Amino acid sequence: MKEINNVVNSFINDFKDNLKTFKKDYNIKKQIPNLLTFSRALAPAFIIPLALSGNIIGSLIASLLFATTDLFDGLLARKFKATSDFGRKLDPICDKIFAIGITLPLIITNPYLIITASLEGLIAFVSIKSATKNNDPRSTMLGKIKTTILSLTLALTYLSQLLHIPLNIIYTTLTVTGIFQLGTALQYHKIDKKKDNLKETLIKPSNITKKESFSNTKQEIIEYKHLKESLLNKETDEPEKTIGSFKSK
């Protein structure tokens, strides 16, 4: 729990720093990517009331419009040279809020979507766990494909309330989405484990180096003592040889 609080506090501090930077230089162009990303976190506040009030067309259009922001925020960030660690952290968080938020109204008519929301929660859990270990979790291509398929599936589910779309088509698309969600969760977990193993390999050599260094130092001390003793013996032997040779002469 403490680690999660640290991650949340770190994100809040990054958010405040980013806000200060925005107020300082007023460079709105560089903030457009983050604003687009953040709009997905606000999307459920618009989509859920529309869906619950029966305005299916309005909720569908809103869902599609907010979903397209995921296609442009990264492109604009690279174009405006506004990529940042904060933007990379913000993207997956807003994706999860958006996906789970627009799924909730559909659960009323399609309880099968509880699995969809749960799998999205699983991906969020893996990412948060990775963040608590400072493993810097990031979205992958599979994750982006999953988000696109999920958005299309949810849009189709909204349409099914207006059009007579066969249930087997809805269930098939939801199953495909679930497979991609599970694959994404497993990939993120695998990447997290690789980073854990990399940390271990970086730490172990340092311990071995210390042991070897200590061993080498100890061996050098022993060799130095032997050398010193041998030199002292030579110094005591050489005068005797000189005197002996002098006497013989």
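Note that the structure is a prediction, hence the values are computed from the model and not measured.

Participant: In this structure, what is going on with the packing of aromatic side chains? I would like to understand it.
Facilitator: Each pair of aromatic rings is reported with the distance of its centres and the angle of its planes. Tallied over the full model, the rule gives two aromatic pairs. Between Phe46 and Phe66 the ring centres are 6.1 Å apart and the planes differ by 25°, which places this aromatic pair in the stacked class. Placement of the pair is Phe46 in helix α2 (residues 28-52) and Phe66 in helix α3 (residues 56-79), with a sequence separation of 20 residues.

Participant: For this particular structure, what's the right way to read the packing of α3 against helix α6 (residues 141-159)?
Facilitator: For any two helices packed against each other, one specifies the crossing angle of their axes together with the interaxial distance. The N-to-C vectors of α3 and α6 enclose an angle of 170°; their axes lie 10 Å apart at closest approach. The orientation of α3 with respect to α6, classified from their angle, is roughly antiparallel. Listed contacts from α6 to Ile56, Ser59, Leu60, Ser63, Leu64, Ala67 and Asp70 of α3 are Thr147, Ser151, Ala155, Tyr158 and Leu159. Of the residues assigned to the contact of α3 with α6, the class counts are seven nonpolar, four polar and one charged.

Participant: What is the right way to look at a nonpolar patch on the surface in this model?
Facilitator: A grouping of Ile57, Ile61, Leu65, Leu162 and Leu163 is seen on the molecular surface, where their side chains present a nonpolar patch of about 480 Å² in accessible area. Within the secondary structure, Leu163 sits in the loop between α6 and α7 (167-248). Note on Leu163: relative accessible area 47%, which makes it partly exposed.

Participant: Explanation requested: the environment of Asn135 in the structure shown.
Facilitator: The topology assignment puts Asn135 in the loop between α5 (113-132) and α6. Looking at Asn135, the relative accessible area reads 3%, which means it is buried. Placed 57 residues apart in sequence, Asn135 and Asp192 show a C-alpha to C-alpha distance of 6.6 Å. At 2.6 Å, the side chain of Asn135 forms a polar contact with the side chain of Asp192.

Participant: How should the nonpolar core be read in this particular structure?
Facilitator: Within soluble globular proteins, side chains that are nonpolar tend to cluster in buried spots. Counting residues in hydrophobic clusters, the biggest one holds 21 residues, and the most contacted among them are Ile47, Phe66, Phe98, Ile102, Leu113, Leu154 and Tyr158. Elements with a minimum of two residues in this core: α2, α3, α4 (85-107), α6 and α7. Not counting the four nearest positions on each side in its chain, Phe66 is found in contact with Ser39, Arg40, Ala43, Phe46, Ile47 and Phe98.

Participant: What exactly am I supposed to notice about the packing of α3 against α4 here?
Facilitator: At a minimum axis distance of 12 Å, the contact between α3 and α4 shows a crossing angle of 160°. Between α3 and α4, the angle falls in the class roughly antiparallel. α3 and α4 meet at a crossing whose hand is left-handed. Here α3 contributes Ser63, Phe66, Ala67, Asp70 and Asp73 to the contact with α4, which in turn contributes Asp91, Asp95, Phe98 and Ile102. Across the contact of α3 with α4, the residue classes break down as four nonpolar, one polar and four charged.

Rules behind the numbers
Residues numbered from 1 in each chain as written. Predicted model: local features only at pLDDT ≥ 70, side-chain atom pairs only at ≥ 80, totals over all residues. Heavy atoms only, no water. Phe/Tyr/Trp six-rings, centres within 6.5 Å; stacked < 30°, edge-to-face > 60°. Helix = DSSP H or I, 4+ residues; strand = E, 2+ residues; numbered from the N terminus. Axes fitted to C-alpha atoms, helices over the stretch in contact; angles between N-to-C directions. Parallel < 35°, antiparallel > 145°, perpendicular 65-115°, else oblique. Contact = heavy atoms within 4.5 Å. Nonpolar A, V, L, I, M, F, W, Y, C, P; charged D, E, K, R; others polar. Patch = residues over 30% accessible without salt bridge, like charges linked within 9 Å, V, L, I, M, F, W, Y side chains within 5 Å. Areas by Shrake-Rupley, 256 points an atom, 1.4 Å probe, with all protein chains shown as cover. Salt bridge = Lys/Arg side-chain N within 4 Å of Asp/Glu carboxyl O. Buried < 20%, exposed > 50% of the residue type's maximum accessible area, 1.4 Å probe, protein only. Polar contact = N/O pair within 3.5 Å; in protein donor to acceptor, adjacent residues only side chain to side chain. Core = buried A, V, L, I, M, F, W, Y, C linked by side-chain atoms within 4.5 Å. Left-handed = near helix turned anticlockwise from the far one by under 90°.

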